[in-house]
Structure formats: structure tokens, C-alpha cells
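Below, each chain spelled out in residue letters.
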2 protein chains.
Amino acid sequence: MKHQGILIIISGFAGVGKGTLVKRLVQKYDRYALSVSMTTRAPRPGEEDGREYFFVTKENFEQKITENGLIEYASYCGNYYGTPRAYVEEQMAQGRDIILEIEIQGAMKVKERFPEAVLIYVLPPSASELEMRLRGRATETEEKIKERLSRAAAESEGLEQYDYVIVNDDLDVCEQELHGILCAAHFTPKQNVSFINELRSELKKFGKGEKRI
Amino acid sequence: MKHQGILIIISGFAGVGKGTLVKRLVQKYDRYALSVSMTTRAPRPGEEDGREYFFVTKENFEQKITENGLIEYASYCGNYYGTPRAYVEEQMAQGRDIILEIEIQGAMKVKERFPEAVLIYVLPPSASELEMRLRGRATETEEKIKERLSRAAAESEGLEQYDYVIVNDDLDVCEQELHGILCAAHFTPKQNVSFINELRSELKKFGKGEKRI
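Residues numbered from 1 in each chain as written. Chains lettered and ligands numbered in written order. Predicted model: local features only at pLDDT ≥ 70, side-chain atom pairs only at ≥ 80, totals over all residues. Heavy atoms only, no water.

Q: How should the overall build of chain A be read in this particular structure?
A: Secondary structure assignment for chain A yields 8 helices and 9 strands. Projected onto its principal axes, the C-alpha positions of chain A cover 75 × 40 × 30 Å. A total of about 10200 Å² of accessible surface is found on chain A, and carbon and sulfur atoms cover 50% of it. Taking the average place of the 30 positive charges on the side chains of chain A and the average place of its 34 negative ones, the gap between the two points comes to 6 Å. (Helix = DSSP H or I, 4+ residues; strand = E, 2+ residues; numbered from the N terminus. Areas by Shrake-Rupley, 256 points an atom, 1.4 Å probe, with all protein chains shown as cover. Lys, Arg positive; Asp, Glu negative; His and termini not counted. Charge placed at Lys NZ, Arg CZ, Asp CG, Glu CD.)

Structural data, given as C-alpha cells:
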């Protein structure tokens, strides 16, 4: 059974720590590649263009949409976020697992186009813990924090659309669990269509008692 | 996120080595319990009543059916096979993962009654390798071998009904993969309904700006 690269979508409420989690995973294992999203939102302190995001203007983003250069895009809290197509396709062709860290709207669009994508949602241990983490960030206004919590409540309605949910309580544990899930995700029938079809046709020949080489 | 015991179904073509695989898993990890099936087929050399199967007469089996003492049962190559209800329910209540080694007909019946069950199919590396293993067993007549290969061809049509497929090429590798899959299987939304609902209702309160304790 040949293990091809799979398309992985990681989502999670703002503040849940999914960015840190994904970064650690990519640093630790060579088998994962991280897709860098494009956004029109302003960089946060310490963020670098091309690392956390490609930071572009609204005009540039809309140009990219017109060129069909994005796998998906969505608007979230007044800003555009999208996934540039080229890098994702390149990594998949090379057989590496490509991770897209995108929110639920985008995830659903990718799932439509790539039904074999594996969707994982990172959850906080509790709502109060999520609020604490958002406050701890110290880069968000009170208004933004409330907006994000409201948004989390709405997003939580879509959790059943995901293949897996994990809780980010202890970062080390969560990273291990996520890696374990991603390994297991290679073993679904939809990731092994060609192996199954080959075995099936070989078995059919045997069943009919045909001559074999 | 509390990890409750899950109901695991392992199926595979006759001769693929799923029995050995499951036995090793249960011996190695305390978290798994193995459901012992009931059958009307004759014991093979070395098989023990209550270990590989509960070996019963056709009359006894049909009595069990009448009493609703089986989660599922099916007839396969002229014999009855079924899963006694009591032990499965007891293990699940204790929070252990319970493994049912059953064939595809039974698996589909269990899935209907327990939609949260996790279904895994063990495959041979190839059809010719499967044939070799059946011959290597030396307990089967030529007619039986052909019957089993025919049956495998038919069963292979149902593979997409399973959540995962694994190839038993190297037993150690396959055992590790299976354990990894079973760990990951705890992280689906359907296994975490109560945690998700609790988080969701807590987030809704936050979103509405209600008073919190």
C-alpha cells in the first residue's frame, strides 16, 4: 500500500494555539509541508511576510482571485484569507502531506473540491480557557476578543463536518495526538483507491478461476 | 476530552492473519478487550472452546438467537457465527475498547445498531499472497481454498463501507499501524459528542454575553 501525500486541513477557534501546533509539527517531521496563506489583515508584532502569511493589499488579493490562483478564499472579521494554489499542488505531487491552516468556511470549500482531504479541528479544553488565552495574547482589543468568542460559538456548529477533533490542553500531548491522527488518516479507503482497485481486480480473476501468470 | 471505550470491528479475508493480529494487540495493551464469537463450525486443531470461539451446536445457536443474546449473527460457508451481547456491553460500560473480529455481513449489522463503531479491514499485500497463506495453513481442502478466494473477491466489493484498511505484510508493522489507527479513532466527533455539546453550550453563553460564574 503506497502512502501518498494527503491534504490536511487544520482549523480551530482563534486563540486555541493551532498555529503553534502546526509549526511544531512541520519543524519536527519532514513528511509535512505547511501551506502559507495569503491575507489582507495587518501583521501582528513578530509576524513575517511569507512565514505566517503572505500579507497583501485588498487589490492584490482580488487580482489573485481573478487569476484563479487560490484554492479557496474567504472573508473573516473584515479581512480576506486564501490558499495559494501553486505550492499545495506542488507538494501533493511530490507525495508530501500538505497542511492548510484555514477556518471553517475555507475548509468546507476545500472539502468540496478535494473530498479526500482530512479535516481536523483543534479545540480548547473549555470556553473559559479559550477566553483566557485570547486575553493572554495582549494583541487584541476587548472588542476583538468578544467578536472572536462570538465567532467561536457560531463556528462550533460546524464541528461535525470535521473528521477529527483534538483538544489543545498540553501542547506536547496535542502534537503527538495530531501526528498520530495524521498517520492513521493515510489508512482510509479513500486514500487507497488504486491499491484497493488493483487487489479487487486480481481477486476477481482468482474467483473466476482464470489462468494466472 | 474523556476517552470512552469504543466498539471496534476488525474484518478481513480468511487467511489474512487478522486473528493473530488481534490476539497480539490484546495481549500487549490492557486497553483492548476481545469479544469471543460463537460459532457452529468445527474447531480447528489447537483451537479451544471459549478462547478462539465458543463452539456450540446449531440448536444451541438458534436458542441464543431466540433469546436476543447476540448483537449480530450471520451464516458463512454453511456455519453460524455470532457475537454474544453480554460481554461486549460489559466492557464498553467499563470504558475499554472492545474488539469484534467479524466478517462483513456481521460488521454491517453492528454498524447499523452502533453507528459510532469503528470498522477496520485487514488486507493481504496481494491476492497471490493470500492464496499462498491459505495453502500454508494446511487445514483447508483445495475446494475450501477456492471457496474462500471466491468469497474474498465478493467481499472486496464492500471495502468502502469500512473506516480504515490496513495491509498485513509485516506483522509487527501492521500491529503498530492498527494500534495507531485505534488511538486516532477516539478523536472523531462521533466519539466525543458530550464534550462537543458541553463546549458548544458554554461558548453560546459567552457569545451572548451572559453572566458567567
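Don't stop here, the text continues.
Q: Quick question: what am I supposed to make of the pairing of strand E7 (residues 97-101) of chain B here?
A: If a strand is regular, its side chains alternate between the two faces of the sheet. Residues and elements named next belong to chain B. E7 sits mainly inside the fold: 4 of its 5 residues count as buried. Pairing geometry for strand E1 (residues 7-12) and E7, over 4 bridges, is parallel. Bridged to Ile10 within E7 is Glu101. Pairing geometry for strand E2 (residues 32-34) and E7, over 3 bridges, is parallel. (Buried < 20%, exposed > 50% of the residue type's maximum accessible area, 1.4 Å probe, protein only. Pairing = 2+ DSSP bridges.)

Q: Help me understand the pairing of strand E8 (residues 118-123) of chain B, please; the structure alone is not making it clear to me.
A: Residue and element names in this part refer to chain B. When you tally the buried positions in E8, you get 6 out of 6 residues, the bulk of the element. Here E8 shows no split at all, with Val118, Ile120 and Val122 on one side and Leu119, Tyr121 and Leu123 on the other all buried. In the sheet, E1 pairs with E8 via 5 bridges, with the strands oriented parallel. Bridged to Ile9 within E8 is Leu119.

Q: What's the story with the sheet that holds strand E3 (residues 37-39) of chain B in this structure? I'm lost.
A: Sheets are built from strands that pair by backbone hydrogen bonding, the pairs being arranged parallel or antiparallel. All names here are of chain B. Spatial strand order, E4-E3-E6-E5: 4 strands in an open sheet with mixed pairing. Each of the sheet's edge strands pairs with one partner strand only, and the pair in question is strand E4 (53-55) and strand E5 (70-76). Strand-to-strand, the axes of this sheet are offset by a mean angle of 25°, without reference to chain direction. Both E3 and E4 contribute to a ladder of 3 bridges, which runs parallel. In the sheet register, Met38 faces E4, and the bridge partner there is Phe54. The strands touched by helix H2 (residues 58-66) within the sheet are E3, E5 and strand E6 (79-84), with E6 carrying the most contacts at an inclination of about 40°. (Axes fitted to C-alpha atoms, helices over the stretch in contact; angles between N-to-C directions. Contact = heavy atoms within 4.5 Å.)

Q: Is there a simple way to explain the interface of chain B and chain A in this structure?
A: When the parts of a complex come together, some accessible area is lost, and that lost area is often taken as the interface size. With 42 residues of chain B at the contact, the number on the chain A side is 42 residues. Interface area for chain B against chain A, summed over the two sides, is near 3600 Å², with a carbon-plus-sulfur share of 68%. A per-residue breakdown of the area chain B buries against chain A is headed by B:Phe187, B:Arg200 and B:Leu203, which together make up 18% of the total. Applying the counting rule to chain B against chain A returns 5 salt bridges. The residue B:Lys204 makes a salt bridge to A:Glu157 at a minimum N-O spacing of 3.0 Å. Among the elements of the structure, helix H5 (127-137), helix H6 (142-155), strand E9 (164-167), helix H7 (171-184) and helix H8 (193-207) of chain B are those that each provide at least two residues to the side of chain B that touches chain A. Of the residues belonging to the side of chain B that touches chain A, the class tally is 25 nonpolar, 8 polar and 9 charged. (Buried area = accessible area lost by both parts, 1.4 Å probe. Salt bridge = Lys/Arg side-chain N within 4 Å of Asp/Glu carboxyl O. Nonpolar A, V, L, I, M, F, W, Y, C, P; charged D, E, K, R; others polar.)

Q: Would you mind showing me how to read the sheet that holds E2(B) here?
A: All names here are of chain B. If you walk across this open sheet you meet the 5 strands as E2-E7-E1-E8-E9, and the pairing is parallel. The open sheet is flanked by E2 and E9, the only strands paired with a single partner. Taken over all neighbouring pairs, the strand axes of this sheet differ in orientation by 25° on average, direction set aside.

Q: What is the right way to read the relation of the copies chain B and chain A from this model?
A: To go from the first copy of the chain to the second, apply a rotation about an axis and then a shift along the same axis. Least-squares fitting of chain B to chain A yields an RMSD of 0.0 Å, with the transformation described by 0.0 Å of translation along the axis and a rotation of 180°. A rotation of that kind, with that shift, is consistent with a two-fold axis. Interface residue correspondence from chain B to chain A reaches 100%, placing this contact among same-surface, isologous pairings. (Least-squares fit on C-alpha atoms with pLDDT ≥ 70 in both.)

Q: I'm lost on unusual backbone geometry in this one. Help?
A: When glycine is set aside, most residues are seen to have a negative phi, and most peptide bonds are trans. The backbone of A:Asn68 sits at a positive phi, close to 60°, despite the residue not being glycine. Classification of A:Asn68 as partly exposed rests on a relative accessible area of 48%.

Q: Would you take a moment to explain the side chain of B:Ser126 for this structure?
A: Its location among the elements puts B:Ser126 in the loop between E8 and H5. At 3.2 Å, the side chain of B:Ser126 forms a polar contact with the side chain of B:Ser128. (Polar contact = N/O pair within 3.5 Å; in protein donor to acceptor, adjacent residues only side chain to side chain.)

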